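# Close look at the chain arrangement
Chain by chain, the residues run as shown.
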Amino acid sequence: DQQVKQNSPSLSVQEGRISILNCDYTNSMFDYFLWYKKYPAEGPTFLISISSIKDKNEDGRFTVFLNKSAKHLSLHIVPSQPGDSAVYFCAARGGTSYDKVIFGPGTSLSVIP
Amino acid sequence: NAGVMQNPRHLVRRRGQEARLRCSPMKGHSHVYWYRQLPEEGLKFMVYLQKENIIDESGMPKERFSAEFPKEGPSILRIQQVVRGDSAAYFCASSPTTGNDSPLHFGNGTRLTVT
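What counts, and at which threshold
Residues numbered from 1 in each chain as written. Chains lettered and ligands numbered in written order. Predicted model: local features only at pLDDT ≥ 70, side-chain atom pairs only at ≥ 80, totals over all residues. Heavy atoms only, no water. Helix = DSSP H or I, 4+ residues; strand = E, 2+ residues; numbered from the N terminus. Rg over C-alpha atoms; globule rule 2.2 N^0.38 Å. Buried < 20%, exposed > 50% of the residue type's maximum accessible area, 1.4 Å probe, protein only. Areas by Shrake-Rupley, 256 points an atom, 1.4 Å probe, with all protein chains shown as cover. Disulfide = S-S within 2.5 Å. Contact = heavy atoms within 4.5 Å. Core = buried A, V, L, I, M, F, W, Y, C linked by side-chain atoms within 4.5 Å. Pairing = 2+ DSSP bridges. Phe/Tyr/Trp six-rings, centres within 6.5 Å; stacked < 30°, edge-to-face > 60°.

## What about the overall build of chain B?
Each helix and strand counted, chain B has 0 helices and 11 strands in total. For 115 residues, the compact-globule estimate of 2.2 N^0.38 gives 13 Å, and chain B sits close to it at 13 Å. With the principal axes as the frame, chain B shows a C-alpha extent of 40 × 25 × 25 Å. Counting across all 115 residues of chain B, residues that qualify as buried make up 47%. Total accessible area on chain B stands at roughly 5900 Å², and carbon and sulfur atoms take up 45% of it.

Below, the structure written as structure tokens:
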């Protein structure tokens, strides 16, 4: 039972354009959401997060939007850069085991120069 | 300030052998988490430990897998009698406290190959 879903395994975007990565979740008890970026042969690195009491959080080129009623969040990267090419994991915590962070399967982003 | 250190980076074991994966959390971090990434899949939670205590092991296979985080020394993930299906990347993460203002910091993982 996959509680965090990322239905696009991959995404290609031209440099300078906007990248939009989507994530859906099923557990209504989740109250905190995170995005991690992962390069090959490295561990995931924390990118940005959002609490369920907010609908938007922005950090430089990265903005996360949360739609609680739809159980949907998205990560916007503007403008996209070649160095952004990586796998992006959506993650959530809360629910029955508060400290356990549940990850989605990831979306591989390629930014084309 | 060193990050989360995992060793070895690569580990090759024959079927039936034991694998021991080590994780030293960031300085000042007393919460450790282990995740597994199977080929072409995402990160799956395995276990959450604090010093000398297992807090949540709901993601650990019932047999052959165990984890510890002793008072002194690194956290150890131990896999006994490995099988080919155990081949994966195993990531350790740490945090200083629990709660939403403590994102997990990950190590670079141990890639286990079972031949």
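Continuing now.
## Observations regarding the state of the cysteines
Covalently bonding the sulfur atom of one cysteine to the sulfur atom of another cysteine gives a disulfide. Taken as a whole, this structure holds 2 disulfides over all chains when the rule is applied. Here A:C23 engages in a disulfide with A:C90; their sulfurs sit 2.0 Å apart. The S-S bond linking A:C23 to A:C90 shows a torsion near -75 degrees; that makes this disulfide left-handed. With A:C23 in strand β3 (residues 19-25) and A:C90 in strand β9 (residues 86-94), this residue pair connects regions lying 67 residues apart in the sequence. Residue A:C90 is classed as buried on the basis of its relative accessible area, which comes to 1%. The side chain of B:C23 participates in a disulfide bridge whose partner is B:C92; the two sulfur atoms lie 1.8 Å from each other. Here B:C23 and B:C92 share a disulfide; its torsion about the S-S bond, -55 degrees, makes the bridge left-handed. With B:C23 in strand β3 (residues 19-24) and B:C92 in strand β9 (residues 88-95), this residue pair connects regions lying 69 residues apart in the sequence. Classification of B:C23 by relative accessible area gives buried; the value is 0%.

## Comments concerning the environment of B:L112
All names here are of chain B. Its location among the elements puts L112 in strand β11 (residues 110-114). Along the sequence, L112 and R20 sit 92 residues apart, while their C-alpha atoms lie 9.9 Å from each other. With residues near it in sequence (within four places) discarded, L112 still touches L11, R13, A19, I79, D86, S87, A88 and Y90.

## A few points about the nonpolar core
All names here are of chain A. F33, W35, L73, L75 and Y88 are the most contacted members of the largest nonpolar core, which has 24 residues in total. If one sorts the elements of this core by residue count, β9 sits on top with 4 residues. In contact with L73, other than residues within four places in its own chain, are L21, N22, C23, Y25, F33, W35, V64, F65, L66 and C90.

## Quick notes on the pairing of strand β8 (residues 75-79) of chain B
Residues and elements named next belong to chain B. Summarising burial for β8: 4 of the 5 residues are buried, a large majority. The sheet contact formed by β3 and β8 spans 5 bridges and is antiparallel. Each residue of the ladder has a partner; that of R20, found in β8, is R78. Sheet topology note: the strand β7 (residues 65-68)/β8 ladder contains 4 bridges and is antiparallel. Bridge assignment links E68 to a residue of β8, and that residue is I76. Connecting β7 to the antiparallel partner β8 that follows it, the hairpin turn spans 6 residues, and G73 within it adopts a positive phi of roughly 100 degrees.

## Here we look at the packing of aromatic side chains
Scanning all chains against the criterion turns up 11 aromatic pairs over all chains. Measuring from centroid to centroid gives 5.4 Å for A:Y36 and A:F103, while their planes differ by 55 degrees, and the two rings are tilted. Taken together, the residues A:Y36 in strand β4 (residues 30-38) and A:F103 in strand β10 (residues 102-103) connect sequence positions 67 residues apart. Here A:Y36 and A:F103 have matching classes, each one buried. On the numbers, 5.2 Å between centres and 85 degrees between planes, the contact of A:F103 with B:Y35 is edge-to-face. Pair noted here: A:F103 is in strand β10 and B:Y35 is in strand β4 (residues 31-37), and the two residues belong to different chains. With a relative accessible area of 5%, A:F103 lands in the buried category.

Shape is all these values report; function is a separate question.
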